[in-house]
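Read off the chains here:
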Amino acid sequence: MAVIESEYSSAIDGPPVRLEIAPGIVRVVVTGTLTAEVVATARELILDACELNAKAVVLDIQAALDPTHREALPHLVDVAERRCWAARCRLDITASDPAVEEALATGGIY
């Protein structure tokens, strides 16, 4: 996959949200910590991803969940589901942090 766009970077080692594109699939990769600002950027990149007419969008959450911003995760997933449905593309969600997996499972998403 090629990284074609990165937005919102306050991290020293790279942007916490990036968009990767390969034929038929677009991946929105979220790293670092899921703060409200990072989630807002991820939402914007999901909108961009859906406009690319891909067959699938992958929301790859490699970030840790910030306990003070727990409500941002369900909103991010809701936006991703609605936008992918409207764009007629499949949405896949992956998570690597156990707290994020638990929050997704609690919300009936994962």
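Residues numbered from 1 in each chain as written. Predicted model: local features only at pLDDT ≥ 70, side-chain atom pairs only at ≥ 80, totals over all residues. Heavy atoms only, no water.

Visitor: Give me the lowdown on the overall build of the protein chain, citing residues and values where you can.
Guide: Helix and strand content of the protein chain: 3 helices and 7 strands. Starting at the N terminus and ending at the C terminus, the protein chain contains elements arranged as β-β-β-β-α-β-β-α-β-α. Taken across its 110 residues, the protein chain has 38% of its residues classed as buried. Expressed as a percentage of contacts within the protein chain between residues at least 6 apart in sequence, the contacts between residues at least 24 apart total 61%. (Helix = DSSP H or I, 4+ residues; strand = E, 2+ residues; numbered from the N terminus. Buried < 20%, exposed > 50% of the residue type's maximum accessible area, 1.4 Å probe, protein only. Contact = heavy atoms within 4.5 Å.)

Visitor: Could you give an account of the environment of glycine 108, naming the residues involved and the relevant values?
Guide: Within the secondary structure layout, glycine 108 lies in the segment after α3 (98-106). Taking the C-alpha atoms as reference points, glycine 108 and proline 74, 34 residues apart in sequence, are found 9.9 Å from one another.

Visitor: An account of the packing of helix α1 (residues 36-51) against helix α2 (residues 72-87) is requested, with residue identities and associated values reported.
Guide: Direction vectors running N to C along α1 and α2 enclose 10°, while the axes themselves pass 10 Å from each other. The angle between α1 and α2 falls in the class roughly parallel. Across the interface between the two elements, Val39, Ala42, Arg43, Ile46, Leu47 and Cys50 of α1 pack against Ala72, His75, Leu76, Val79, Ala80, Arg83, Cys84 and Ala87 of α2. Class assignment of the residues belonging to the contact of α1 with α2 gives a composition of 11 nonpolar, 1 polar and 2 charged. (Axes fitted to C-alpha atoms, helices over the stretch in contact; angles between N-to-C directions. Parallel < 35°, antiparallel > 145°, perpendicular 65-115°, else oblique. Nonpolar A, V, L, I, M, F, W, Y, C, P; charged D, E, K, R; others polar.)

Visitor: Which residues make up α1, and what values go with them?
Guide: A rise of 1.5 Å per residue sets the reference length of α1, with its 16 residues, at 22 Å; its end C-alpha atoms lie 23 Å apart and thus fit the reference within 8%. Considered for burial, the residues of α1 that qualify are Val38, Val39, Thr41, Ala42, Leu45, Ile46, Ala49 and Cys50. Just past α1, the residue asparagine 53 takes up positive phi, approximately 55°. (Expected span 1.5 Å × (residues − 1).)

Visitor: A description of the confidence of the model for the protein chain should follow, citing residues and the corresponding values.
Guide: When pLDDT is averaged along the protein chain, the result is 85, and 86% of the positions lie at 70 or above. Throughout residues 2-12 the model reports pLDDT below 50, and contacts reaching past four residues in sequence, or to other chains, amount to 29 contacts. (pLDDT = per-residue confidence, 0-100.)

Visitor: Lay out the pattern of salt bridges with the relevant residues and their values.
Guide: Side chains that differ in sign of charge can pair as their charged atoms come close. Enumeration over the complete set of coordinates arrives at 4 salt bridges. A salt bridge links arginine 18 to glutamate 20, with the shortest nitrogen-to-oxygen separation between them at 2.8 Å. The residue aspartate 60 makes a salt bridge to arginine 27 at a minimum N-O spacing of 3.3 Å. Here arginine 27 lies in strand β3 (residues 25-30) and aspartate 60 lies in strand β5 (residues 56-61), a separation of 33 residues in the sequence. The class for aspartate 60 is buried, based on a relative accessible area of 9%. (Salt bridge = Lys/Arg side-chain N within 4 Å of Asp/Glu carboxyl O.)

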